[in-house]
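Overview (structure and organization)
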Amino acid sequence: TGSVAAPVIASFSTDSGASDGITNDNTLQLKGTAVANSTVTIYDGSNKIGTTTADSSGAWSYTTQALTDASHTLKATATSSGQTSAASTALVVTVDTTAPAAPAVTGESVNGANQVVLSGTAEANSAIKVYEGTTQIGTATTNSSGAWSVTTSALSNGSHVLTATATDDAGNASAGSTAVDPVIGSPPAAPAISSFSTDTGTAGDRITSDNTLTLSGSAPAQSTVKVYDGSTQIGTVTAGATGAWTYTTAALSDGNHSLTATDTVSGVTSAASAALAV
């Protein structure tokens, strides 16, 4: 070692995520200063990984090959007129290109302000973002054990499909969590199927030779009424201004049919009506 001044590693890029020396960029561009026109040698620990030349003002830059996911201690020396300096102060960089696992949602509730409160687990100290579709509606940070809780912005009445992601300190984002589908607002009253026609043969026994039944009933005014045969939706109709509705089925097979209906108001769906067995 001669009298050549040690170089300086002044910065690296890209420092993704927070500026904390943890990055998902594994080809780092180092910048620094050294003796003008000196040869700058870069080390990762004790391994020489490359050289570059300082310009006439002493500025230099060097871009590494791909580094492994690990902590890297980067140093540099400068060589001028056959003399080599001591090593620079070390720059410690952690490379992390691995995305965290998707968060788990373990709790879901709706508060009085029409906000959804979600809780769950994810990678410790990661940033949780909650989305409806592609719109971010809430964020939080997990604690050292990975627990998190997010209260979303106020949501409109109706059903919503929400997912959460976790982003680690290096800026790696996880895949979306399993979706949750909270409903905002109180469900409307269930509709009623009050009658069907034509009830051929003995009236009132619900045995008929008519396989295209006209159902009549009541529901909240202007609500959307969905009609089901067992678990299969067979049609949709809109209740009138008084709440009255009718629906005529397509041809039904010979057999027992359990007919029910739900109604939807402002995106919120009621429980099912009492079943009509025909």
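Above this note sits the structure.
Below: a short report on this structure. (Residues numbered from 1 in each chain as written. Predicted model: local features only at pLDDT ≥ 70, side-chain atom pairs only at ≥ 80, totals over all residues. Heavy atoms only, no water.)

Re the overall build of the protein chain
Each helix and strand in the protein chain was counted, giving 0 helices and 25 strands. Taking 278 residues into account, the globule formula puts the C-alpha radius of gyration at 19 Å, and the protein chain, at 34 Å, lies well above it. If you line up the protein chain on its principal axes, its C-alpha atoms span 115 × 40 × 30 Å. When each of the 278 residues of the protein chain is scored for burial, the buried share is 38%. (Helix = DSSP H or I, 4+ residues; strand = E, 2+ residues; numbered from the N terminus. Rg over C-alpha atoms; globule rule 2.2 N^0.38 Å. Buried < 20%, exposed > 50% of the residue type's maximum accessible area, 1.4 Å probe, protein only.)

Digging into the layout of surface pockets
Each pocket or cavity is described by its volume, and for the largest pocket that value is around 200 Å³. T208, S253, G255, H257 and V278 are the residues nearest the centre of the largest pocket, which is lined by 14 residues in total. (1 Å grid on protein atoms, 1.4 Å probe; cavity = no way out; pocket = protein on both sides within 12 Å on 5 of 7 lines; lining within 4 Å. Points joined across faces, edges and corners; volume = space filled by probe spheres on them.)

Overview of the side chain of S223
On the secondary structure map, S223 appears in the loop between β19 (214–218) and β20 (224–229). A distance of 2.7 Å separates a polar atom in the side chain of S223 from the backbone oxygen of P220. For S223, the residues in contact, after removing those within four places along its chain, are V237, T238, A239, D263, T264 and V265. (Polar contact = N/O pair within 3.5 Å; in protein donor to acceptor, adjacent residues only side chain to side chain. Contact = heavy atoms within 4.5 Å.)

As for the sheet that holds strand β14 (residues 147–151)
What the 3 strands build is an open sheet, ordered β10-β11-β14; its pairing is antiparallel. Pairing within the sheet leaves two strands with one partner each, and these edge strands are β10 (104–110) and β14. Pairs of neighbouring strands in the sheet enclose a mean axial angle of 15°, with direction left out of account. Inspection of the sheet shows strand β11 (residues 116–121) paired to β14 by 5 bridges, in the antiparallel sense. From the neighbouring strand, G120 faces β14, where its bridge partner is W148. (Pairing = 2+ DSSP bridges. Axes fitted to C-alpha atoms, helices over the stretch in contact; angles between N-to-C directions.)

Quick look at the sheet that holds strand β12 (residues 127–132)
The 3 strands lie next to each other as β13-β12-β16, forming an open sheet whose pairing is antiparallel. Every other strand in the sheet has two partners, leaving β13 (135–141) and β16 (162–167) as the edge strands with one partner each. Direction aside, neighbouring strands of the sheet carry axes that sit 25° apart on average. Note: β12 against β16, 6 bridges, orientation antiparallel. Bridging from a neighbouring strand, E132 pairs with L162 of β16.

Notes on the nonpolar core
Counting residues in each nonpolar core, the largest one holds 18 residues, and the members touching the most others are L30 and W60. Those elements that place two or more of their residues in this core are β1 (8–13), β4 (39–44), β6 (59–63), β7 (70–80) and β9 (91–95). The next biggest cluster of nonpolar side chains, apart from the first, holds 16 residues, and it includes F196, L215, A219 and V225. (Core = buried A, V, L, I, M, F, W, Y, C linked by side-chain atoms within 4.5 Å.)

Structural notes on unusual backbone geometry
T14 follows S13 through a cis peptide bond whose omega is 10°. Tracing the backbone through its elements, the reader meets T14 in the loop between β1 and β2 (22–23). Of note, the amide linkage connecting S197 to T198 takes the cis form, showing an omega dihedral of 10°. On the secondary structure map, T198 appears in the loop between β18 (192–197) and β19. Notably, S266 is not glycine yet its phi reads approximately 50°, a positive angle. Position of S266 relative to the elements: it lies in the loop between β23 (258–265) and β24 (268–269).

A few points about the environment of S186
Inspection of the secondary structure puts S186 in the loop between β17 (183–184) and β18. Here S186 falls in the exposed class, since its relative accessible area comes to 67%. Sequence separation between S186 and N157 is 29 residues, and the spatial gap between their C-alpha atoms is 8.5 Å.

Here we look at the side chain of H72
Looking at where H72 falls in the secondary structure, it is placed in strand β7. Ignoring any residue separated from it by four or fewer positions in sequence, one finds H72 in contact with D44, L67, L91, V92, V93 and V95.

These figures capture arrangement, not role.
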